[in-house]
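# Residue-level structural notes
Here's the letter readout for the chains.
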Amino acid sequence: GGATRPGDVVRTRAGRTVEILNTDAEGRLVLADALSLAGDLGPAAVVDLATLTGAARVALGAPASALCSENEALSAELIAAGRAAGDRCWPLPLWPEYDEMLQTPFADLKNIGDGSAGTIAGAAFLKTFAPAGVPWAHLDIAATAWLEKEQSHRAAGATLAGARLLIEWLRRTSGET
(Lines give C-alpha, C1' and ligand atoms only; values in the text may rest on other atoms or scores of the structure.)
Protein backbone atom coordinates (compact mmCIF):
# COMPACT_ATOMS: atom_id res chain seq x y z
CA GLY A 1 0.00 0.00 0.00
CA GLY A 2 2.93 2.35 0.51
CA ALA A 3 4.56 1.69 -2.84
CA THR A 4 5.03 4.50 -5.34
CA ARG A 5 2.44 4.42 -8.10
CA PRO A 6 2.19 6.15 -11.47
CA GLY A 7 0.72 9.59 -10.90
CA ASP A 8 2.29 10.05 -7.46
CA VAL A 9 4.24 13.23 -6.83
CA VAL A 10 7.30 12.97 -4.59
CA ARG A 11 9.53 15.65 -3.12
CA THR A 12 13.28 15.27 -3.55
CA ARG A 13 16.02 16.19 -1.09
CA ALA A 14 16.55 19.37 -3.13
CA GLY A 15 12.89 20.29 -2.60
CA ARG A 16 11.80 19.78 -6.20
CA THR A 17 8.67 17.77 -6.89
CA VAL A 18 8.69 14.89 -9.35
CA GLU A 19 5.66 13.27 -10.97
CA ILE A 20 6.19 9.51 -11.14
CA LEU A 21 5.10 8.18 -14.52
CA ASN A 22 7.28 5.09 -14.59
CA THR A 23 8.01 3.20 -11.37
CA ASP A 24 10.92 1.41 -13.08
CA ALA A 25 12.80 4.75 -13.20
CA GLU A 26 13.44 4.83 -9.46
CA GLY A 27 17.23 4.89 -9.78
CA ARG A 28 17.19 8.44 -11.07
CA LEU A 29 15.32 9.54 -7.94
CA VAL A 30 18.10 8.08 -5.78
CA LEU A 31 20.71 9.75 -7.99
CA ALA A 32 18.85 13.07 -7.76
CA ASP A 33 19.19 13.00 -3.98
CA ALA A 34 22.83 11.85 -4.22
CA LEU A 35 23.64 14.76 -6.55
CA SER A 36 21.95 17.16 -4.16
CA LEU A 37 24.01 15.77 -1.28
CA ALA A 38 27.21 15.93 -3.35
CA GLY A 39 26.63 19.64 -3.84
CA ASP A 40 26.72 20.13 -0.07
CA LEU A 41 30.24 18.70 0.02
CA GLY A 42 31.77 21.36 -2.26
CA PRO A 43 33.29 19.08 -4.93
CA ALA A 44 35.56 20.29 -7.72
CA ALA A 45 33.53 18.14 -10.13
CA VAL A 46 30.85 15.45 -10.02
CA VAL A 47 30.71 12.41 -12.29
CA ASP A 48 27.91 9.91 -11.75
CA LEU A 49 27.68 6.46 -13.28
CA ALA A 50 24.52 4.40 -13.49
CA THR A 51 22.84 1.69 -15.50
CA LEU A 52 20.16 4.30 -16.05
CA THR A 53 18.53 3.46 -19.39
CA GLY A 54 18.23 0.64 -21.86
CA ALA A 55 18.21 3.39 -24.47
CA ALA A 56 21.99 3.70 -24.02
CA ARG A 57 22.34 0.21 -25.50
CA VAL A 58 20.09 1.19 -28.40
CA ALA A 59 22.12 4.35 -29.07
CA LEU A 60 25.66 2.99 -28.74
CA GLY A 61 25.59 -0.75 -28.23
CA ALA A 62 28.14 -2.35 -25.92
CA PRO A 63 31.39 -0.71 -27.12
CA ALA A 64 30.92 2.61 -25.28
CA SER A 65 29.10 4.19 -22.36
CA ALA A 66 26.91 7.21 -23.06
CA LEU A 67 28.31 10.49 -21.74
CA CYS A 68 26.03 13.44 -21.06
CA SER A 69 27.34 16.77 -19.82
CA GLU A 70 27.07 20.45 -20.61
CA ASN A 71 30.68 20.94 -19.55
CA GLU A 72 32.84 20.49 -22.65
CA ALA A 73 36.13 20.50 -20.73
CA LEU A 74 34.99 17.75 -18.36
CA SER A 75 33.57 15.77 -21.28
CA ALA A 76 36.86 16.00 -23.15
CA GLU A 77 38.78 14.87 -20.05
CA LEU A 78 36.50 11.86 -19.57
CA ILE A 79 36.62 10.88 -23.24
CA ALA A 80 40.43 11.06 -23.23
CA ALA A 81 40.68 9.12 -19.97
CA GLY A 82 38.28 6.49 -21.27
CA ARG A 83 40.21 6.12 -24.51
CA ALA A 84 43.51 5.74 -22.60
CA ALA A 85 42.00 3.23 -20.17
CA GLY A 86 40.19 1.15 -22.79
CA ASP A 87 36.86 2.15 -21.21
CA ARG A 88 35.33 4.30 -23.93
CA CYS A 89 32.47 6.75 -23.67
CA TRP A 90 30.74 8.81 -26.32
CA PRO A 91 29.00 12.18 -25.85
CA LEU A 92 25.30 12.75 -26.36
CA PRO A 93 23.85 16.28 -26.32
CA LEU A 94 22.06 17.90 -23.39
CA TRP A 95 20.59 20.83 -25.28
CA PRO A 96 17.86 22.91 -23.53
CA GLU A 97 15.24 21.53 -25.93
CA TYR A 98 15.51 18.16 -24.18
CA ASP A 99 14.40 19.71 -20.89
CA GLU A 100 10.97 20.28 -22.41
CA MET A 101 10.22 16.54 -22.47
CA LEU A 102 10.34 16.51 -18.65
CA GLN A 103 7.70 19.20 -18.17
CA THR A 104 4.44 18.36 -16.45
CA PRO A 105 1.62 20.50 -15.07
CA PHE A 106 1.57 18.46 -11.86
CA ALA A 107 5.10 18.86 -10.48
CA ASP A 108 8.42 20.58 -11.16
CA LEU A 109 9.29 17.75 -13.55
CA LYS A 110 8.38 14.18 -14.42
CA ASN A 111 10.67 11.18 -14.00
CA ILE A 112 10.67 10.09 -17.66
CA GLY A 113 10.72 11.83 -21.02
CA ASP A 114 8.31 11.64 -23.92
CA GLY A 115 9.49 8.26 -25.20
CA SER A 116 12.26 9.61 -27.42
CA ALA A 117 15.93 10.15 -26.58
CA GLY A 118 15.66 8.03 -23.44
CA THR A 119 19.30 8.28 -22.39
CA ILE A 120 19.26 12.05 -22.83
CA ALA A 121 15.95 12.32 -20.95
CA GLY A 122 17.47 10.47 -17.99
CA ALA A 123 20.51 12.74 -18.02
CA ALA A 124 18.36 15.87 -18.44
CA PHE A 125 16.46 14.79 -15.33
CA LEU A 126 19.68 14.35 -13.37
CA LYS A 127 21.08 17.65 -14.67
CA THR A 128 18.42 19.54 -12.72
CA PHE A 129 19.89 18.15 -9.48
CA ALA A 130 23.59 18.55 -10.30
CA PRO A 131 25.33 21.10 -8.08
CA ALA A 132 25.13 24.58 -9.59
CA GLY A 133 28.43 25.92 -10.83
CA VAL A 134 30.17 22.54 -10.49
CA PRO A 135 31.30 20.63 -13.58
CA TRP A 136 29.01 17.58 -13.84
CA ALA A 137 28.82 14.59 -16.13
CA HIS A 138 26.65 11.51 -16.29
CA LEU A 139 27.86 8.18 -17.70
CA ASP A 140 25.09 5.75 -18.60
CA ILE A 141 26.75 2.35 -18.34
CA ALA A 142 23.63 0.27 -19.02
CA ALA A 143 25.12 -1.22 -22.18
CA THR A 144 28.69 -1.59 -20.92
CA ALA A 145 28.24 -2.87 -17.36
CA TRP A 146 27.67 -6.49 -18.34
CA LEU A 147 29.30 -8.63 -21.00
CA GLU A 148 26.99 -11.34 -22.32
CA LYS A 149 29.63 -13.46 -24.07
CA GLU A 150 33.24 -14.13 -23.26
CA GLN A 151 35.69 -12.25 -25.47
CA SER A 152 39.30 -13.06 -26.25
CA HIS A 153 40.51 -10.53 -23.71
CA ARG A 154 37.86 -10.73 -20.96
CA ALA A 155 35.35 -13.03 -19.33
CA ALA A 156 31.59 -12.73 -19.54
CA GLY A 157 29.82 -11.01 -16.65
CA ALA A 158 30.27 -7.73 -14.81
CA THR A 159 32.76 -5.43 -16.55
CA LEU A 160 33.35 -2.69 -13.94
CA ALA A 161 32.41 -0.22 -16.68
CA GLY A 162 33.58 3.24 -15.83
CA ALA A 163 36.01 2.17 -13.10
CA ARG A 164 39.12 2.26 -15.28
CA LEU A 165 37.93 5.48 -16.89
CA LEU A 166 37.45 7.19 -13.51
CA ILE A 167 40.79 5.98 -12.17
CA GLU A 168 42.55 7.32 -15.27
CA TRP A 169 40.64 10.61 -15.07
CA LEU A 170 41.52 11.03 -11.38
CA ARG A 171 45.14 10.14 -12.09
CA ARG A 172 45.29 12.78 -14.82
CA THR A 173 43.48 15.49 -12.85
CA SER A 174 45.71 14.95 -9.81
CA GLY A 175 48.77 15.56 -11.97
CA GLU A 176 50.01 11.99 -11.63
CA THR A 177 51.72 10.71 -14.76
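Preceding this paragraph is the structure being described.
To start, this report covers the structure provided alongside it.

Rules behind the numbers
Residues numbered from 1 in each chain as written. Predicted model: local features only at pLDDT ≥ 70, side-chain atom pairs only at ≥ 80, totals over all residues. Heavy atoms only, no water. Pairing = 2+ DSSP bridges. Helix = DSSP H or I, 4+ residues; strand = E, 2+ residues; numbered from the N terminus. Axes fitted to C-alpha atoms, helices over the stretch in contact; angles between N-to-C directions. Contact = heavy atoms within 4.5 Å.

Below, the discussion takes up the sheet that holds strand 7 (residues 136-140). What the four strands build is an open sheet, ordered 3-7-4-5; its pairing is mixed. Each having just a single partner strand, strand 3 (46-50) and strand 5 (89-92) make up the two edges of the open sheet. When strand polarity is set aside, the average angle formed by the axes of neighbouring strands in this sheet is 25°. Where strand 3 meets strand 7, five bridges bridge the pair, whose relative direction is parallel. Within strand 7, the position partnered with valine 47 by the bridge is alanine 137. Set on the sheet, helix 1 (residues 27-40) makes contact with strand 3 and strand 7; between it and strand 3 the angle comes to about 160°.

Right, let's get into the sheet that holds strand 2 (residues 17-19). If you trace the three strands from one edge of the open sheet to the other, you get 1-2-6, paired in mixed fashion. A single partner strand is all that each edge strand has here, and the edge strands are strand 1 (9-11) and strand 6 (109-110). As defined by bridge partners, strand 2 adjoins strand 6 across two bridges and the pair is classed as parallel. Within strand 6, the position partnered with valine 18 by the bridge is leucine 109.

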